[in-house]
Each structure stands twice: as C-alpha cells, then as structure tokens.
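# Coordinate analysis (summary)
The lines below spell out each chain.
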Amino acid sequence: MKDKIQIFDTTLRDGEQCPGASLNTQEKLEIARYLEKMKVDVIEAGFPISSPGDFDSVETIANNIKGPIIAALCRAVEQDIKCAWDAIKFARKPRIHTFIATSPIHMELKLEKTPQEVLKQAVSAVRLAKSYCHDVEFSAEDASRSNPEFLYHIITETIRAGATVINIPDTVGYSQPEEFAGLIKGIKENVTNIDEVVMSVHCHNDLGLAVANSLESIKYGVNQIECTINGIGERAGNASLEEIVMAIYTRKDFYQKYTDIDTSYIYPTSKLVSRLTGFVVQPNKAIVGKNAFAHEAGIHQAGILKDASTYEIMKPQTIGLEGNQLVLGKHSGRNAFKNRLEQLGYDLDQDKLNKSFEQFKILADKKKEVFSEDLVALMSEVLVEDIADLYELKYFHVTTGNSILPTATVELVKENEVIVDAACGDGPVDAIFNAIDRITGARVKLSDYYIKALTRGKDAQGEAVVEIKDNGCSYIGKGISTDTLEASTKAYLKAINKMLLQNSYKDK
Ligand code: KIV
Ligand code: ZN
C-alpha cells in the first residue's frame, strides 16, 4: 500500500468545467463506468451545488458505481457541504471534498477574508463534512502561491478537524517541478500530523507542467494524484491520467511505485471522453494521440520490424490499442465482432451486444471495411443511446444545387407527436439547421461546425461536430454517418437536445 499511488480522476468535475464540455447525466455515467473498469481509486463526480443537472449526475453516479470512492466537491460553506452529502449519501464509498483558497491573492481579492477567517472557515467546513461522512478531503486552493507557514498551519488544523486527505493544488499551473516538489517536502517536514492522512496533488497545465509537477512530487511521499482523461480541464487542463499512469508503469525502475489502473482501458476511455465532450485529442498527444504509436521514418520502421523495443517504450496493447489491424466487413460474424470489441476494451452485456451487432451490420452494408475507429464511434453511439432526447430525427430531404435556393424538409418526433417543417438556407446544411430551428423553436448561435472522416477511403464514415451557444453556455453535438448531411443533422439535433435538457433542469 505504501508504494501505491492512488488515482483520483476528476474528468467529470474539473474536466467537465472547461468551456464547451457539457455532458449530460447518461454520458457522465457511461464515462464513470469506464473509469470503474479502469480501476481508478476515486471518481470526482461533480460539484453538486453548481446546478441541478450536476447534482443529478453526482447522485446517479453515487448510486450506480460501486468500485471506486465517489467524491463530491463543495466550497467550505454549510449549504454546499450539505448538498454534496445529499448527492453522495447512498454511495458505497462516499467522500466529501471541500476547498477554500489559501493564497494572499485569493484571500484578499476573491474571498475578502483574513487568513484567520479562512482558517476558521476551513476547520468548521471539515468538521461539518466529517459529521456526515468519514472520508473528507480538504483542498487548499492556490496552495502553490500560498504562504508555506500558513499552509502548514491550515493543514495541521484541518487534519485535527477530521480530514482524511489533504490536497495541494497548483490551481493556476504556476509552479515549476522542483519548486512544487519543494512545497510538498516542506509540508511533509513541517506538518506533524501529515502522515495520518493521504497526501494528494492536483496540478493544472497552464505552463505545460501539470504531469511533471505531479510526478516530481512523488519523491516526497505523495500518495494520491488528481488527474483527468486526455488532460481536459479548466483553461489548459489538468494533469493527464494516461500520462501519469503510463509514466509510473513504464518507469517502475525509477519511481518504485505502482497504481491499480487496468491500463488496457486507457485508449477506449480516452476515445469515449473525446467523443462525448467533443474535444479532439491532438495527434501527437502522449499515449493516446493518433500518432503516439505510429512510426513514419523509414529508419524507425526498419528498427520496429526487427524488434519493437528499438523505438517503442510501451506496447500499444498495454493501453488497449490492438496490435493487429484486422478489418471487419459485412461477412464478419458475431464472434469476430465481439472479439474485436473485447480487444478495444468493450465488455458488453447480451442486450448491448445484440444492439451494437445490428448497428454494425447496417454500417457494414454501407461501408466495405469497418475499422477500429468505426467501432469505437459506433459504440459511443450505442452506449449513450438511452439518453432520452426530446426530439428524434425521423427523416430529412434536401433539394440543392448551384443554381437553386437550397431547401430542406425535416420531420422530427417529440413525445409521439410528429412535426414537419421546411426552410431555405445558404446551403443544404444551413437549410436543415433552419428547419430544425423552426420545429424546436431554438434560437441559438452556431459557434463551430466541422466534419472529419473517421477512417480511410471514399466510403469512410463522416463525423460532424456542432457547437451551439445559448445564454453564454455552449453545447456540443456529434453525429456519425456515411452521409455527411445526415451526420450534420444528427449532430445539430444532438446539440439542441442537450441544450433543451439543460434548460429543463434550470426550469425545475
Ligand atoms: O484547481 C483547483 O484548485 C481545484 C480545487 C477545487 C481542488 O480544482
Ligand atoms: Zn482544478
């Protein structure tokens, strides 16, 4: 246990806090199921007081996910703490995570409180949290810009008040690795009761150092690292889970530590998060980028063919990327399909397997070769299809050309009511979107729209991504089809449905 580094995943809280990442409850639950299979130690499911939708997601995850600890974030405020507890009280392993800023800049300018007031508030918050829940994490927000003596004091007192985990965030990603590790060393040397608790770090990536700062702190006894899938999060993001885990795994010789993570779920989970949040993973991203295991240079390829260890420090299979590139097609049977899904990390019950096999057959009819990327795309549609969308697409027709005004007719179904409308537009996509606006009454701003091919070949599936803005909030929808107009229609409708769902929460 002493050598274990606990992985605290905050994809669903800090990760989801970044602009445009809004996920609904079903999507969050799906991600949580993958995090559970991956065996993360803690899932921070959200910030319940922040919105009714967030409360609902945290509660749903707490009630359904049994393996990891389920943490709920709250400010060091009575109402927040009660709300966090309400959301997680039925979790098998609940944790209240309360925080308050400790840096002079935050205390003076944001909280307008003296250090004494902050200390008192932190201690009362931990005591209150402890009266509900045995497991209480205290975070000293902006710890890396705090006065170390004050930090030692507030940590000592919050441990006395009952904290079981102390988290040191580099909230604004300001620290340098040696400096951050120095802060941890100082805490270890000056806080007499620090060994009674789990010591955690939480680093942001504003200077690109979140992973380096987290790893560097291991040498001074940190035993929990907070991170997110694909490194998503506020501004430049958080420390990336896959980089932390694979560094500890690949360089056991150096760190002399381990995690409990089942690394074969890294790739499928990264894909799922990217697809559901709409955040594309940069091709050269360490571990999960499209090029992370691609060898282009001839000299490298020659080496790899002789022995993979010449240029590969990790095996692609370790992170769940299959080794061989066997392609499926319309003659592939259920077993081949199931095997390939298992290689990709999808372990489905019979019902989901049947549904996805039907979808696979439809796809294989349209497309000669079905690649892994197609399957991952198909799975993310099948896995989240239970989400109750307010509007469902029945059909669309478009008349277009370079000498006529593009016109679209769209038929949607809303709670058994069939609604048809038509509209013109600057192009076929615009016409479809206008027709959907007429039916749903949505008045949104289209802030981003693009289509990309998921795989190779003329018959490749297209993935359309649409971002809309409504009242300062953005919603991302994705749609996949071998027909780009259909992919665009699905994506736009998805974004509108997400917005309507969110607004229905606000109205409650
Ligand atoms: O970055 C930060 O300081 C946080 C805390 C709430 C842990 O996210
Ligand atoms: Zn953070």
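Residues numbered from 1 in each chain as written. Chains lettered and ligands numbered in written order. Predicted model: local features only at pLDDT ≥ 70, side-chain atom pairs only at ≥ 80, totals over all residues. Heavy atoms only, no water.

For the chain, the count of helices and strands is 17 helices and 14 strands. The C-alpha radius of gyration of the chain comes to 24 Å, within 12% of the 23 Å expected for a compact globule of 508 residues. Counting only C-alpha atoms, the chain reaches 75 × 60 × 40 Å along its principal axes. The burial tally for the chain puts 56% of its 508 residues in the buried class. Summarising the internal contacts of the chain: among those between residues at least 6 apart in sequence, 66% fall at separations of at least 24. Looking at the chain, you have 59 positive and 72 negative side-chain charges, and the mean spots of the two groups are 3 Å apart. (Helix = DSSP H or I, 4+ residues; strand = E, 2+ residues; numbered from the N terminus. Rg over C-alpha atoms; globule rule 2.2 N^0.38 Å. Buried < 20%, exposed > 50% of the residue type's maximum accessible area, 1.4 Å probe, protein only. Contact = heavy atoms within 4.5 Å. Lys, Arg positive; Asp, Glu negative; His and termini not counted. Charge placed at Lys NZ, Arg CZ, Asp CG, Glu CD.)

By nearness alone, every residue bordering ligand 1 is listed as R13, D14, H97, F99, S139, E141, N167, P169, T171, H202 and H204. A distance of 2.9 Å is found between an oxygen atom of ligand 1 and a side-chain nitrogen or oxygen belonging to R13. H202 places a side-chain nitrogen or oxygen 3.1 Å from an oxygen atom of ligand 1. When ligand 1 is considered free in solution it has 260 Å² of accessible area, and contact with the protein chains removes 94% of it. Of the residues belonging to the shell around ligand 1, the class tally is 2 nonpolar, 6 polar and 3 charged. (Near = heavy atom within 4 Å. Polar contact = N/O pair within 3.5 Å; in protein donor to acceptor, adjacent residues only side chain to side chain. Areas by Shrake-Rupley, 256 points an atom, 1.4 Å probe, with all protein chains shown as cover. Nonpolar A, V, L, I, M, F, W, Y, C, P; charged D, E, K, R; others polar.)

The next thing to look at is the pattern of salt bridges. Side-chain pairs of opposite charge can arise where the charged atoms are in close proximity. In the structure shown here, the tally under the stated rule is 30 salt bridges. Across the salt bridge formed by E463 and R275, the nearest N and O atoms sit 2.2 Å from each other. Taken together, the residues E463 in strand β13 (residues 462–470) and R275 in helix α11 (residues 266–277) connect sequence positions 188 residues apart. Grouping residues by exposure puts E463 and R275 together as buried. Here K355 and D351 are joined by a salt bridge, their closest N and O atoms 3.8 Å apart. Placement of the pair is K355 and D351 together in helix α14 (residues 350–366), with a separation of 4 residues, close to one helical turn. Judged by its relative accessible area of 30%, K355 falls in the partly exposed class. If you follow the salt bridges from partner to partner, you end up with R275, K452, E463 and K478 in one network. (Salt bridge = Lys/Arg side-chain N within 4 Å of Asp/Glu carboxyl O.)

With that out of the way, let us pick up the state of the cysteines. According to the stated counting rule, one finds 0 disulfides in the structure shown. Here C83 stays unpaired: no disulfide links it, and the sulfur of C74, its closest cysteine neighbor, is 8.8 Å away. Assessed through its relative accessible area of 15%, C83 is described here as buried. Cysteine C133 is unpaired, with the sulfur of C74 as its nearest cysteine sulfur at 9.8 Å. (Disulfide = S-S within 2.5 Å.)

What follows is about the packing of helix α3 (residues 78–88) against helix α5 (residues 115–132). At their nearest, the axes of α3 and α5 sit 10 Å apart, and the two run at 25° to each other. The angle between α3 and α5 places the two elements in the roughly parallel class. As for the relative orientation of α3 and α5, their crossing is right-handed in sense. Contacts between α3 and α5 pair E78, I81, K82 and W85 from the former with A125, L128, A129 and Y132 from the latter. A per-class count over the contact of α3 with α5 returns 6 nonpolar, no polar and 2 charged. (Axes fitted to C-alpha atoms, helices over the stretch in contact; angles between N-to-C directions. Parallel < 35°, antiparallel > 145°, perpendicular 65-115°, else oblique. Left-handed = near helix turned anticlockwise from the far one by under 90°.)

Glancing now at the coordination of the zinc ion (ligand 2). Coordination of the zinc ion (ligand 2) by the protein comes from D14 (OD), H202 (NE2) and H204 (NE2), over a distance range of 2.0 to 2.1 Å. The sequence pattern describing where the donors of the zinc ion (ligand 2) fall on their chain is D-x187-H-x1-H. Of the two residues, D14 sits in the loop between β1 (6–9) and α1 (25–38) while H204 sits in the loop between β7 (198–203) and α8 (210–217), which places them 190 residues apart along the sequence. Exposure class is identical for D14 and H204. Each is buried. (Donors = N, O, S within 2.8 Å, 3.2 Å for Na, K, Ca; no water.)

One pass over the structure, following the stated rule, counts 9 aromatic pairs. Measuring from centroid to centroid gives 6.3 Å for F47 and F99, while their planes differ by 70°, and the two rings are edge-to-face. One end of the pair, F47, is in the loop between β2 (42–46) and α2 (52–64); the other, F99, is in strand β4 (residues 94–101), with 52 residues separating them in the sequence. F99 carries the same exposure label as F47, and that label is buried. An aromatic cluster of three or more residues is present, and its members are F337, F357 and F360. In this structure, K252 packs its charged tip against the face of Y249, placed 4.4 Å from the ring centre. (Phe/Tyr/Trp six-rings, centres within 6.5 Å; stacked < 30°, edge-to-face > 60°. Lys NZ or Arg CZ within 6 Å of the ring centre and 35° of its normal.)

For the rest of this paragraph, the subject is the nonpolar core. Counting 111 residues, the largest nonpolar core has I155, I168 and I187 as the members making the most contacts within it. Sorting elements by how many residues they give to this core places α5 first, with 7 residues. Viewed by domain, this core spans two of them, domain 1 (3–277) and domain 2 (322–383), each represented by three or more residues. Leaving out residues up to four positions away in the same chain, I187 has contacts with L151, Y152, I155, I168, I194 and M199. Core analysis: the second largest hydrophobic core is formed by 27 residues, A431, V444, V466 and A495 among them. (Core = buried A, V, L, I, M, F, W, Y, C linked by side-chain atoms within 4.5 Å. Domains from an automatic or database assignment.)

For the rest of this paragraph, the subject is the sheet that holds strand β10 (residues 407–414). The strands that make up a sheet pair up through hydrogen bonds in the backbone, lying either parallel or antiparallel. Here we have 3 strands laid out as an open sheet, ordered β9-β10-β11, and antiparallel in their pairing. At either end of the open sheet lies a strand with only one pairing partner, and these are β9 (391–399) and β11 (417–424). Geometrically, the sheet is characterised by an average inter-axis angle of 15° between neighbouring strands, direction not taken into account. Sheet contacts for helix α16 (residues 428–440): β9, β10 and β11; angle to β11, the most-contacted strand, approximately 135°. (Pairing = 2+ DSSP bridges.)

Moving on: the pairing of strand β6 (residues 165–170). Counted residue by residue, β6 has 6 buried out of 6 residues, so it is predominantly covered. Where burial is concerned, the two faces of β6 agree: the one with V165, N167 and P169 and the one with I166, I168 and D170 are both buried. One ladder, built from 3 bridges, connects strand β5 (residues 136–141) with β6; its direction is parallel. Directly across from F138, in β6, lies its bridge partner I166.

How large an interface is tends to be reported as the accessible area lost when its parts come together. Per the domain assignment, the segments making up the chain are domain 1 (3–277), domain 2 (322–383) and domain 3 (392–507). Tallying the contact residues gives 8 residues for domain 1 and 8 residues for domain 2. Between domain 1 and domain 2, roughly 850 Å² of surface is buried when both sides are summed, and carbon and sulfur atoms account for 57% of that area. The largest contributions to the domain 1 side of the interface with domain 2 come from E30, Y34 and R275, which together make up 42% of the buried area. Where domain 1 touches domain 2, the interface holds 0 salt bridges. (Buried area = accessible area lost by both parts, 1.4 Å probe.)

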